[in-house]
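# A structural walkthrough
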Amino acid sequence: MSTTIVISRSDADDDHRRAFEDGVVEALRQSQRSPVLVVPPIYAMAEGDEALDAIRAITGPLVFASWLQPRAAFWVLHALGVRGSVEAEGDCQSCCSSENCFCEGRSIATRNLSAYATSDAATRQILTDVPRRKSPNVSLREFTSPERAPWYPVIDYSVCIVCGQCHDFCLFAVYTTDEANQPRVTNPASCKPGCAACARICPQGAIMFPLYAGDPGIAGAPGVKPRRTEAIADDLLKRGEPCPVCGCACDCERSKDGAAPPGKTVCPACGCICHPNSLCACRPNRAGRMKTDREDKPRDELDALIDDLDKLDS
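All of these numbers come straight from a predicted model, not from anything done at the bench.

### Comments concerning the overall build of the chain
A count of helical and extended segments in the chain gives nine helices and 12 strands. Looking at the chain residue by residue over its 314 residues, the buried ones come to 48%. For the chain, the share of sequence-separated contacts (at least 6 apart) that also reach a separation of at least 24 residues comes to 66%. Accessible area of the chain: about 15,400 Å², with a carbon and sulfur share of 49%.

Shown next as structure tokens:
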């Protein structure tokens, strides 16, 4: 069965990227090694898009090249119903649990175009993922679709532990849970652009926002988890809510870099320094200790988002 190559264009109005993509597409056409589909940004696709229907119709191995991090691209495809195993890992356990295998007998290799200095280098890498023989079914098809400006979370189910914290934490009802209590992004349009709080709160780093520029872990970079900052702790304190991971809701000592003092552990979400194998040590005594002096601290987009929500509620 022949391998199909899909090139997903950038969502940015960038002449350099457009020329890069065109160079890759032309080189692949001349190679006559594999069918090629050129599609709009995968992250912006939705039901009814002709390009999405064309990708879903592919039944054999798939090489998918885009401007997204490879892990994020794989799970965006999964969310859109394009299933397979992670080609680099070589077995279905890399993309699903044994109780819910969805590999459908084919591999998906995801490649990040931004990782290559030139279109020639990207083309060489893509061609290593397809058979060296010429394909009898070579074709080149290009699709366009309405422009959208998406912002929604993508879940890596290979590391999700079904803890439910994203569902419980999200202010905007983006998530629901299925019969197995797995979180599902069923209301992506409700997500607020720029908000990535659920990605930081996830203890496994299973949640990604593929277009997030401020943190490679949130964007889905391989082997990188979102940075734990004071932003999450500050947001929780402003709302008067405990951290859904460790229960902390007070101005206690927090790790700046994820390192824990001897005999202590660090909450992976808010950075609270806790006793081993227990909830936050200050949880029983948190009443009356809410932080009130953080106005002089650096602020980020999460702070601005919470402020806007407070104004709406007032």
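### As for the nonpolar core
Soluble globular proteins: nonpolar side chains tend toward being buried together. Within the largest apolar cluster, 51 residues are counted, with the highest numbers of intra-cluster contacts made by Ile42 and Phe209. Every element with two or more residues in this core is listed here: strand S2 (36-39), helix H2 (50-56), strand S3 (62-66), helix H3 (70-79), strand S7 (154-155), helix H5 (165-169), helix H6 (197-201) and strand S10 (207-208). A per-element tally of this core places H3 first, with six residues. If sequence neighbours within four positions are ignored, isoleucine 42 has contacts with Ser8, Ile55, Phe64, Leu68, Val76, Leu77 and Leu80. Counting 17 residues, the second largest nonpolar core, distinct from the first, contains Val38, Val63, Leu113 and Leu127.

### Focus on the confidence of the model for the chain
Counting all residues, the mean pLDDT for the chain is 79, and 71% of those residues have values of 70 or more. Counting interchain partners and residues more than four positions distant, the pLDDT-below-50 stretch residues 88-101 has 20 contacts. Confidence drops under a pLDDT of 50 for residues 284-299, and excluding neighbours within four residues, the segment shows 22 contacts in the predicted structure.

### Overview of the environment of serine 255
Within the fold, serine 255 resides in the loop between helix H8 (230-239) and strand S11 (265-266). Separated by 17 residues in sequence, serine 255 and cysteine 272 place their C-alpha atoms 6.4 Å apart. Once you skip the residues sitting within four places of it in the chain, serine 255 turns out to touch Val266, Gly271 and Ile273.

### Points about the pattern of salt bridges
One pass over the full model with this rule turns up eight salt bridges. A salt bridge links aspartate 178 to arginine 184; the nearest nitrogen and oxygen atoms lie 2.9 Å apart. Residues joined by salt bridges that share partners form a network here, namely Arg9, Glu21, Asp22 and Glu142.

### Regarding a negative patch on the surface
A cluster of acidic residues, Asp13, Asp14, Asp15 and Glu147, forms a negative patch at the surface. Here aspartate 14 shows up in the loop between strand S1 (4-8) and helix H1 (15-31). Looking at aspartate 14, the relative accessible area reads 30%, which means it is partly exposed.

### Description of H3
Of all the 10 residues making up H3, eight are buried; the element is thus mostly covered by neighbouring parts of the structure. Of the positions making up H3, those classed as buried are Arg71, Ala72, Ala73, Phe74, Trp75, Val76, Leu77 and His78. In this structure, the buried side of H3 is in contact with S3, strand S4 (85-86), strand S5 (107-112), S7, S10 and helix H7 (216-219). Downstream of H3 by one or two residues, glycine 81 has phi in the positive range, about 90 degrees.

### Structural notes on unusual backbone geometry
Although it is not a glycine, glutamine 32 sits at a positive phi angle of roughly 50 degrees. Along the chain, glutamine 32 falls in the loop between H1 and S2. Positive phi outside glycine occurs at alanine 173, with the angle close to 60 degrees. In this fold, alanine 173 is placed in the loop between H5 and strand S8 (175-177).

### Some thoughts on the sheet that holds S5
Strands sit in the order S4-S5-S3-S1-S2-S6 across an open sheet of six strands; the sheet is parallel. A strand with exactly one partner marks an edge of an open sheet, and here the two such strands are S4 and strand S6 (140-142). With respect to the sheet, H1 is in contact with S1, S2 and S6, its orientation differing from that of S1 by roughly 165 degrees.

### Observations concerning the packing of aromatic side chains
All told, the structure shown has six aromatic pairs when counted by the stated rule. When the centroid spacing of 5.1 Å and the interplanar angle of 80 degrees are considered together, the rings of phenylalanine 74 and tryptophan 75 count as edge-to-face. Here phenylalanine 74 and tryptophan 75 have matching classes, each one buried. Here the aromatic residues Phe74, Trp75 and Tyr157 are joined through ring pairs into a cluster of three or more.

### Examining empty space enclosed by the protein
Taken as a whole, this structure holds four cavities of 30 Å³ or more when the rule is applied. A volume near 90 Å³ is recorded for the second largest cavity. Along its surface, the second largest cavity is lined by 13 residues, and Cys160, Cys166, Pro183, Cys202 and Ile207 are the ones closest to its centre. Looking at the lining of the second largest cavity, its residues break down into 10 nonpolar, three polar and no charged.

### What about the pairing of S3?
A large share of S3 lies buried, amounting to five of its five residues. Residues Leu62, Phe64 and Ser66 of S3 are buried on one face, and the alternating residues Val63 and Ala65, pointing to the opposite face, are buried as well. As paired elements, S1 and S3 share four bridges and run parallel to each other. Of the residues in S3, the one forming a bridge with valine 6 is phenylalanine 64.

Cut-offs applied
- Residues numbered from 1 in each chain as written.
- Predicted model: local features only at pLDDT ≥ 70, side-chain atom pairs only at ≥ 80, totals over all residues.
- Heavy atoms only, no water.
- Helix = DSSP H or I, 4+ residues; strand = E, 2+ residues; numbered from the N terminus.
- Buried < 20%, exposed > 50% of the residue type's maximum accessible area, 1.4 Å probe, protein only.
- Contact = heavy atoms within 4.5 Å.
- Areas by Shrake-Rupley, 256 points an atom, 1.4 Å probe, with all protein chains shown as cover.
- Core = buried A, V, L, I, M, F, W, Y, C linked by side-chain atoms within 4.5 Å.
- pLDDT = per-residue confidence, 0-100.
- Salt bridge = Lys/Arg side-chain N within 4 Å of Asp/Glu carboxyl O.
- Patch = residues over 30% accessible without salt bridge, like charges linked within 9 Å, V, L, I, M, F, W, Y side chains within 5 Å.
- Lys, Arg positive; Asp, Glu negative; His and termini not counted.
- Charge placed at Lys NZ, Arg CZ, Asp CG, Glu CD.
- Pairing = 2+ DSSP bridges.
- Axes fitted to C-alpha atoms, helices over the stretch in contact; angles between N-to-C directions.
- Phe/Tyr/Trp six-rings, centres within 6.5 Å; stacked < 30°, edge-to-face > 60°.
- 1 Å grid on protein atoms, 1.4 Å probe; cavity = no way out; pocket = protein on both sides within 12 Å on 5 of 7 lines; lining within 4 Å.
- Points joined across faces, edges and corners; volume = space filled by probe spheres on them.
- Nonpolar A, V, L, I, M, F, W, Y, C, P; charged D, E, K, R; others polar.

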